[in-house]
Amino acid sequence: MESKVYAVDHLRLTFQKASPANLLVEAEGRAASSGWQNARLIPHHYSSPPADGVLGLDFLAQSPSAGSIVLPVLTHVHCHTVLSIEDPINFWGDGLDLKGVRCEGVANTKISLFDPQHGKCDLVVAADPLTGAVIPSFQRDIRPLFRDKDIKAMLAVRNLNLASHTEVRRHAKLIFERLEDGSMPCDGGWPQADLELFRAWIKAGTPP
Ligand code: HEM
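Not measured: the values here are computed from a predicted model.

Describing the pairing of strand β5 (residues 54–62)
Consideration 1: When strand β1 (residues 2–4) meets β5, the two strands line up antiparallel, connected through 3 bridges. Pairing of serine 3 across the sheet is with alanine 61, part of β5.
Consideration 2: Here strand β4 (residues 37–43) runs beside β5; their pairing, made up of 5 bridges, is antiparallel. The partner of isoleucine 42 across the bridge, within β5, is aspartate 58.

Digging into the site of the ligand
Consideration 1: Around the ligand there are 17 residues in total, and Asp150, Ala153, Met184, Pro185 and Cys186 lie nearest to it.
Consideration 2: Within the residue set of the shell around the ligand, elements represented by two or more residues are α2 (148–158) and α4 (172–180).
Consideration 3: By residue number, the principal contributor to the shell around the ligand is α2, which donates 6 residues.
Consideration 4: In the shell around the ligand, the residues fall into 11 nonpolar, 1 polar and 5 charged.

With respect to the environment of glutamate 104
Consideration 1: The topology assignment puts glutamate 104 in strand β7 (residues 100–104).
Consideration 2: Classification of glutamate 104 as buried rests on a count of 22 C-beta atoms within 10 Å.
Consideration 3: For the pair glutamate 104 and isoleucine 42, spaced 62 residues apart in sequence, the C-alpha separation works out to 9.9 Å.
Consideration 4: When residues no more than four places from it in sequence are discounted, the contact partners of glutamate 104 are Lys4, Gly56, Leu57, Asp58, Phe59 and Thr109.

Criteria and cut-off values
Residues numbered from 1 in each chain as written. Predicted model: local features only at pLDDT ≥ 70, side-chain atom pairs only at ≥ 80, totals over all residues. Pairing = 2+ DSSP bridges. Helix = DSSP H or I, 4+ residues; strand = E, 2+ residues; numbered from the N terminus. Near = placed C-beta within 6 Å. Nonpolar A, V, L, I, M, F, W, Y, C, P; charged D, E, K, R; others polar. Buried ≥ 20, exposed ≤ 12 C-beta atoms within 10 Å, placed from the backbone. Contact = placed C-beta atoms within 7 Å.

Laid out in structure tokens, this is it:
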């Protein structure tokens, strides 16, 4: 019988600009025991575009047949799929771009955000297993968005430490305003996917 694997550990997207464009989705995870086979990623079907613009995929595999002898240990599984994408900017319809891919296992879900304008697609964040909502963490997802030069500049001009969770949390609204209006960083605004990640972090309550 085919069912979801236990957990999703890694999800990686590679965007290939061709015509049509391709999105390579690679997933690694763990099955609940030995003996699982033929792992595959199956995209959800949508009758209307999802509000968050993220495409859901089930991470499935063939469970061991009844009566077969299996070891009760979590076992590594991996697979990949290539999605052929006509136009990532209008993926869901007019002006509705593909914002990322969500990979679902039994115990967890991983989302990799995607920025089709810049072909950037390595922003893997955790997601709530029930609602699928993104739960970014400061240390893992937000802190790496600040370059050394951002941290140095903002310490010097405003004594604002962008490397500190406490300070970024305290000034989150002001920081987001400046990121969103493109006035910060001073040498060019952030790509949309990074902005969405910061917005999602604020929405999640600015967790560490
Ligand atoms: C992601 C990176 C950055 C973020 C989030 C950021 C955020 C901010 C914020 C929130 C303010 C307003 C502070 C206040 O009103 O008290 C500000 C001001 C300022 N920032 Fe940045 N900054 C970043 C990078 C940089 C860089 C790279 C420079 C260039 C050297 C820079 C130069 C300045 C300057 C000169 C000001 C004061 C003038 C103004 O308000 O426009 N910042 N920044």
